[in-house]
Amino acid sequence: METNIYSLLKWIPFVPLMGFIVNGLIGRKLPEKLAGIIGSSAIGISFIISILSFLKLINLPEGERLLNDRLYTWIASGNLNISISLHFDALSAVMALVVSGVSFLIHVYSIGYMAGDKGFSRYFAYLNLFVFFMLILVLADSLLIMFVGWEGVGLCSYLLIGFWYEDNEKASAGKKAFIVNRVGDAGFIIGLILLFYLLGNKGIFAFDFQSLSHHIPLIAGESFFGINALFLIGLLLFLGATGKSAQFPLYVWLPDAMAGPTPVSALIHAATMVTAGVYMLTRMYFLYELVPSALSVVLAVGCFTAVLGATIGLLQTDIKKVLAYSTISQIGYMFMAVGAGAFAAGVFHLMTHAFFKAVLFLGAGSVIHGLHGEQDMRKMGGLRADMKWTFLVMGLAWLAISGIPPFAGFFSKDMILESVFAGGNKIIWFAGLITAAMTAYYISRLIVLTFFGEKRGHSAHESPAVMTIPLGILAVLCIAGGFIDIPHFLEKWEGSHHEISKGTEDLLIGLSVFAGIAGITFAFFIQKSGRAERVKETLSSVYTVILNKFYVDEIYDYLFVRTPRWFSDKICFRFFDAGIIDGGIVNGSARIVYNIGSILRRLQSGNAQSYALIFVAGVVMIIYFVLKRFI
Amino acid sequence: MLTQVPLFLSFVLFGIGVIGFLLRRNIIILLMFIELMLNAANLAFVSLSKTIGDMSGQVYVMFIFAIAAAEAGVGLAIAILIYRQLKTTDVDKINNLRG
Amino acid sequence: MNISFYIFGALAIMGAVMLLFQKNPVSAALSLLLVLISTACIYILLGAHLLAFLQIILYAGAIMVLFVIAITIIPMRESDLNLIKSPIAKLLAIPAGIILIWELISVGRSFNLQVPFATSGSDDINALSMLIFDRFALQFELISLLLLTGIVGAILIAKRRL
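Residues numbered from 1 in each chain as written. Chains lettered and ligands numbered in written order. Predicted model: local features only at pLDDT ≥ 70, side-chain atom pairs only at ≥ 80, totals over all residues. Heavy atoms only, no water.

**Some words on the overall build of chain B**
Phase 1: Helix and strand counts for chain B stand at three helices and one strand.
Phase 2: When the helices and strands of chain B are read in sequence order from the N terminus, they spell out β-α-α-α.
Phase 3: Each of the 99 residues in chain B was classed as buried or not, and the buried ones make up 67%.
Phase 4: With an accessible surface of roughly 3300 Å², chain B has 70% of that area assigned to carbon and sulfur atoms. (Helix = DSSP H or I, 4+ residues; strand = E, 2+ residues; numbered from the N terminus. Buried < 20%, exposed > 50% of the residue type's maximum accessible area, 1.4 Å probe, protein only. Areas by Shrake-Rupley, 256 points an atom, 1.4 Å probe, with all protein chains shown as cover.)

If you want it as structure tokens, here you go:
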């Protein structure tokens, strides 16, 4: 398709980069407000440019909607020619708008939340850097540049999770995030290498998405160690996605990541970074459409994670952890959509999830801010009267996530469940339905424990306007977001799905709504009248297992931390290094030389006659050889 | 008349000299055995000079006389010196150069 | 001729073997003297009269006197004159010596080196002096230098005070 050059594109990521540089270099000397304004307006400008680009995009005729901006040639070596260029089509437009828009609101919110913190300017610098990398990720026109953004957001995630680095636990949470991400990235890199190798064999050295989509079918038949190559690549890339998007088995970093400031959790771990995996899979839809078996794996993993996340979230007591597990579960939904081939539905849910999860997190942040740092829900309660505005917005988000029409979540979640059902995966659809009910339950439980009932903790004060206004805007989007017709806009990615009859469709919608309402009522029922205690007693062993997050962290610790450490210590270090190399080779050779020396030393007795004896022996030998020669 | 006996005699004397040198403990006796070995070498020179017919062998013998004399003199002087230092003539005890 | 030679040969060997086992240092010196004189007699039998005389004058006359003087100066304990202590040496010395003798004899036999006994008179001393002062003149002078060095060295080494 014809590409149009639109040179404003590069400023979408670059203005935040400049914000990072300014805040990073001189931010400490600026007054807080100024640093905050610089950071937020950088994103704001980026958002405005995104809108301009979007407007230009939709003015192009359909089928030609692509804007490009070429920056410079990065690697030009032999056949390989990689340039840094940006690529703006419908999918990138959606992502860029969501990222820059939600980021802008969160930046403004942070001015209030982080007021007084001594790392204020550092925070805004890191946040701007994050948005820069995220925008690079969604605007990149080749897999390699996207990977640059991919790694960059991982780095910024680490920096921001461990923002209060003086606390060891918080720093460790940052490390955990980075390391687990790395495991996923390793899979991603191996997939990339495989792809490059196979394409290179066919003589193709261009890796931007357009040429990839043309040339991927060329290697559809290749296989690697007996496994279809495309399947392998698809799985490896998906492994990277599980790391970045916190799916099973690499989700363990997300709950710990709640150690970072709440706006960070809202931005990175709800709205943007964790959705990078979904974006990547959607971008590479042309690959995945050729290997439906890989999509089945994605579907299964997504479903499993959704159920797992929801189950653990049922019993958590920390308000942010509930939301973390909720995120894991909701992204599972997005991957379910992808796995069923309905990429557009997945992106739609990505957008609505960004809205309501951001509200939930920011609202939780507002509550925490109001209670001066309390995060345990058992110590909250009855805040409905104190924080009216916060209660209002969180209530809207609550209804959105539970899938109640006409709020945003209803449309997207329902579309996903429909696609799954239509693809014939009835069991998975049912699991999704149960998860929807569980979702409604745990969020309602959160709302009840926080805002209803008697006050178990202190009183709280409402947050300042700089925090509540962004909340409000996002809440409006929770209501209105469902009506943005993303699936039509992204119809290239809609995927082929089987048609289902209108009657079945209505039945499915009814069931989803019913699940949501059932969850809500059940929550009120149990939480309000204290029946929770009785439930806990009856199911105590199951309760403990779920409360302890199914001991996954402990299992990982045993398998991946203790075992290699034992191996390195006992075998590699003690046996090989100290034993064989130090003791055997280094010291051993010295000892051998010493021992031979002490044996040979006895020859030097100082006794003339022993010398003479050797002398005579030598003479005897020589004459012997003379004899041999001449006789 | 021809015979190989003088030559063999010199070999035997030399061998006995070697054996004695390796077995005795006193320095002076060692020097005596060295003289014995030199004497055996002289005998060999004379015998061979007679065999070949060249008189140079006997000239060499004269040289060896002189050398043996010088060496005996110096050797005994050293033995006296060793006795003065270490108060012993026992070769087993003279091992200052032990390594 | 044969018999005289065997007698003197036997005397020489006897002297050498006695030297091996003497405990008394003077007796050892006398055994060595026996060997030297026997050798001188063998020289006469071979016809090298000059050398025989020189042997008696130098070896028996000068060197043995030197030995006896040294023996007089240095007091020796009885134990010093025993065989050495090291068992290895005691074990190896005799076989080493015997092998040496055997090898040398083999060499001699293979080359068939026959020595003629002199039937008439001595060698020509003229010829000998011709060799000394003509062909080996340089070596002769060097030997005299060596003797000088030996004398000076011996005196220096054995002096009590320089």
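Once you've had a look at it, read on.
**Some points on the pattern of salt bridges**
Residue and element names in this part refer to chain A.
Phase 1: With the rule as written, the count across this model stands at six salt bridges over all chains.
Phase 2: Among the salt bridges present, the one from Arg182 reaches Glu151, with a minimum N-O distance of 3.0 Å. Residue Arg182 is located in helix H6 (residues 168–201), and its partner Glu151 is located in helix H5 (residues 143–161); the two are separated by 31 residues in the primary sequence.
Phase 3: Of the charged contacts in the structure, one is a salt bridge between Asp167 and Lys170, with a shortest N-O distance of 3.3 Å. (Salt bridge = Lys/Arg side-chain N within 4 Å of Asp/Glu carboxyl O.)

**Structural notes on the interface of chain C and chain A**
Phase 1: If you look at the interface, chain C gives 11 residues, while chain A gives nine residues.
Phase 2: Each partner contributes to the roughly 890 Å² buried at the junction of chain C and chain A, and carbon and sulfur atoms together form 85% of this total.
Phase 3: Applying the counting criterion to the chain C and chain A interface returns zero salt bridges.
Phase 4: Scanning the region where chain C abuts chain A turns up zero residue pairs in polar contact (both at pLDDT 80 or more).
Phase 5: Tallied by class, residues from the side of chain C that touches chain A come to eight nonpolar, two polar and one charged. (Contact = heavy atoms within 4.5 Å. Buried area = accessible area lost by both parts, 1.4 Å probe. Polar contact = N/O pair within 3.5 Å; in protein donor to acceptor, adjacent residues only side chain to side chain. Nonpolar A, V, L, I, M, F, W, Y, C, P; charged D, E, K, R; others polar.)

**Structural notes on the side chain of A:Thr262**
Residues and elements named next belong to chain A.
Phase 1: Along the chain, Thr262 falls in helix H10 (residues 262–271).
Phase 2: Its relative accessible area of 2% is what places Thr262 among the buried residues.
Phase 3: Apart from residues lying up to four places away in sequence, Thr262 is in contact with Tyr113, Lys320, Phe361, Gly365 and Ile368.

**Description of a nonpolar patch on the surface**
Residue and element names in this part refer to chain A.
Phase 1: Taken together, the side chains of Leu8, Trp11, Met18, Ile48, Ile51, Leu52, Leu55 and Ile58 make up a nonpolar region of the molecular surface, amounting to roughly 650 Å² of accessible area.
Phase 2: Elements represented by at least two residues in the nonpolar patch include exactly helix H1 (11–26) and helix H2 (32–59).
Phase 3: Looking at the nonpolar patch, the element that brings in the most residues is H2, giving five residues.
Phase 4: You can see Ile48 is positioned in helix H2. (Patch = residues over 30% accessible without salt bridge, like charges linked within 9 Å, V, L, I, M, F, W, Y side chains within 5 Å.)

**A word on unusual backbone geometry**
Residues and elements named next belong to chain A.
Phase 1: A cis amide bond links Phe248 to the next residue, Pro249, at an omega of 0°.
Phase 2: Relative to the helices and strands, Pro249 is located in the loop between helix H8 (229–245) and helix H9 (253–256).
Phase 3: The backbone of Ala246 sits at a positive phi, close to 55°, despite the residue not being glycine.
Phase 4: Note on placement: Ala246 falls in the loop between H8 and H9.

**A look at the confidence of the model for chain B**
Phase 1: Mean pLDDT over chain B stands at 88; residues scoring 70 or higher make up 97%.
Phase 2: Here the predicted complex carries an ipTM of 0.89, next to a pTM of 0.69. (pLDDT = per-residue confidence, 0-100.)

**Comments concerning the interface of chain B and chain C**
Phase 1: Counting residues at the interface gives 70 residues for chain B, matched by 84 residues for chain C.
Phase 2: For the pair chain B and chain C, the number of links is zero salt bridges.
Phase 3: Linking chain B to chain C there are eight residue pairs in polar contact (both at pLDDT 80 or more).
Phase 4: Mapped by element, the contributors of at least two residues to the side of chain B that touches chain C are strand S1 (2–3), helix H1 (5–23), helix H2 (27–52) and helix H3 (56–86) of chain B.
Phase 5: It is H3(B) that contributes the most residues to the side of chain B that touches chain C, 24 residues altogether.
Phase 6: For the side of chain B that touches chain C, the class distribution of residues is 47 nonpolar, 14 polar and nine charged.

**Quick notes on the packing of helix H14 (residues 319–339) of chain A against helix H17 (residues 408–422) of chain A**
Residues and elements named next belong to chain A.
Phase 1: In contact at an axis separation of 9 Å, H14 and H17 are set at 45° when each is read in the N-to-C sense. What the angle tells us is that H14 and H17 run oblique. Of the two possible hands of crossing, H14 and H17 adopt the one that is left-handed. Between H14, through Gln330, Tyr333, Met334, Met336 and Ala337, and H17, the contact on the second element is made entirely by Lys413, Ile416, Leu417 and Val420. (Axes fitted to C-alpha atoms, helices over the stretch in contact; angles between N-to-C directions. Parallel < 35°, antiparallel > 145°, perpendicular 65-115°, else oblique. Left-handed = near helix turned anticlockwise from the far one by under 90°.)

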